[in-house]
Amino acid sequence: MYKILEKTQFSEKVFKFRIEAPEMAKHAHAGQFLMVRANETGERVPFTFADWNPEEGWVEFIFMVIGKTTEMLSTYEAGDAIQDVTGPLGQPTEMGEGNWAVIGGGVGLAIAFPVARQLKATGHEVHAIMGARTKDLLLLEDQFRSVLDDEHIHITTDDGSYGEKGVVTAPLERLLQEKKVDHVFCVGPVPMMKFSALTAEKYDTPIIASLNPIMVDGTGMCGCCRVEVGGETKFACVDGPDFDATKVDWNDLRARQAAYLTEEGQSLKAYEE
Ligand code: FES
C-alpha cells in the first residue's frame, strides 16, 4: 500500500497526490511514469511523474478526472492509501545540447514541468510554452515561474482569459523564427502535439512528443500501448513515452485513445450509480 502524504486540488477536476514511495523516488527521471491501481480490483492507470524527492522519499503525480478510476482517486484524501504503485517505467527524456522550448498543454503541463526543470538544472536555456483552454485550467504556473524568468514563459489560453489568446504554436513559431530554440519537447492533447510537430518541422527543428496511449501492464507485454512511429510499431511503455513527433501517426494514436470511450463511459456511469 502507498500512503498519500498530500492532496492538492488545482481545479474542479484536476488533483495532485504526493505519495510515500522512497525506492521509486531514488530512481525517477523526467519523462518517466508510474502505474497506479487504486484498489484491489482496480484497473492499472499510467501517470507521469510530476515531481519527486529522494531525500524525503516521495513522488508526485497529477491527474484529471475523466473516468471511473480517476473519479475514485479524487475521493481519496491525505492519509488514505493506494493499493499499488509501480515505477519508474519508460525511458527518461533525452536532453540534447542547445536551447529548448518545452510545451505543455492542459494536464500535459504536469509532465512538461519536470522536463523544463531538469533541462534548466543541467544548464540549458529553456522557454516554457504553457497552454490551457482557460485561465482556471492552467496548471503549475508558480512552479514554472520558480525555475524560469518571465521572458522565458509564454502562456496561451483558447479563450484569451489569460496570456495570449490562441494556441501554443503561435509562440513556438515566433521562437523558431527568431532561432531561439534548437530542440522542442511537447506533451498534451493529440492535436496540439500534431500541430507543434508540423510547426517545428517547418523550421527543421527536432521535436519530441511524450505520447499517452491507453496502457495496461506498462511493461511491454500486452501490446495495448502500441503506436506507429516512422512506419514501425513501437510500445510507448517501454520504447517511449517520448518519440520523434514528426514521425508519429497521429490519426492512429487518436483512434486508439478513443477505442474504449463507450465502455469507459459505461464504467463511470455504473460507478456513479
Ligand atoms: Fe502493455 Fe505497453 S502497456 S505493452
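Here's a quick rundown of the structure.

**Some points on the packing of helix α5 (residues 169–177) against helix α6 (residues 190–202)**
Move 1: In the contact formed by α5 and α6, the axes pass within 10 Å of each other and the chain directions differ by 15°. Considered as vectors, α5 and α6 are oriented roughly parallel to each other. Here the hand of the crossing between α5 and α6 comes out right-handed. Facing α5, whose interface residues are T169, L172, E173 and L176, α6 presents F195, S196, T199, A200 and K202.

**A closer look at the side chain of H152**
Move 1: Of note, H152 is situated in the loop between α4 (141–147) and β10 (153–157).
Move 2: Accessibility expressed as a relative area gives 13% for H152, which makes it buried.
Move 3: Apart from residues no more than four positions distant in its own chain, H152 is found in contact with E125, V126, H127 and A128.

**Let's talk about the state of the cysteines**
A covalent bond between the sulfur atoms of two cysteines is what we call a disulfide.
Move 1: Throughout the structure, instances matching the rule amount to 0 disulfides.
Move 2: Looking at the unpaired C186, the closest cysteine sulfur is the one in C225, lying at 18 Å.
Move 3: When its relative accessible area of 0% is taken as the criterion, C186 is described as buried.

**As for the sheet that holds strand β12 (residues 183–187)**
Move 1: Read from one edge to the other, the open sheet built from 7 strands follows the order β11-β10-β9-β8-β12-β13-β16, with strand pairing classed as mixed. A single partner strand is all that each edge strand has here, and the edge strands are β11 (164–165) and β16 (242–244).
Move 2: Here 5 bridges tie strand β8 (residues 100–105) to β12, and the two strands are oriented parallel to one another. Bridging from a neighbouring strand, A101 pairs with V184 of β12.
Move 3: Where α5 meets the sheet, its contacts fall on β8, β9 (126–132), β10, β11 and β12, and the angle it forms with β9 comes to roughly 160°.
Move 4: Strands β8, β12 and β13 (207–210) of the sheet are contacted by α6, whose axis makes an angle of about 170° with β12.

**Topic: the sheet that holds strand β7 (residues 84–89)**
Paired through their backbone hydrogen bonds, the strands of a sheet run either parallel or antiparallel.
Move 1: Pairing within the open sheet is antiparallel, and its 7 strands lie in the order β6-β1-β2-β5-β4-β3-β7. At either end of the open sheet lies a strand with only one pairing partner, and these are β6 (81–82) and β7.
Move 2: Inspection of the sheet shows strand β2 (residues 14–20) paired to strand β5 (residues 58–64) by 7 bridges, in the antiparallel sense. Bridged to F17 within β5 is F61.
Move 3: Packed on one face of the sheet, helix α3 (residues 109–121) meets β4 (44–53) and β5 and runs near 35° to β4.

Criteria and cut-off values
Residues numbered from 1 in each chain as written. Predicted model: local features only at pLDDT ≥ 70, side-chain atom pairs only at ≥ 80, totals over all residues. Heavy atoms only, no water. Axes fitted to C-alpha atoms, helices over the stretch in contact; angles between N-to-C directions. Helix = DSSP H or I, 4+ residues; strand = E, 2+ residues; numbered from the N terminus. Parallel < 35°, antiparallel > 145°, perpendicular 65-115°, else oblique. Left-handed = near helix turned anticlockwise from the far one by under 90°. Contact = heavy atoms within 4.5 Å. Buried < 20%, exposed > 50% of the residue type's maximum accessible area, 1.4 Å probe, protein only. Disulfide = S-S within 2.5 Å. Pairing = 2+ DSSP bridges.

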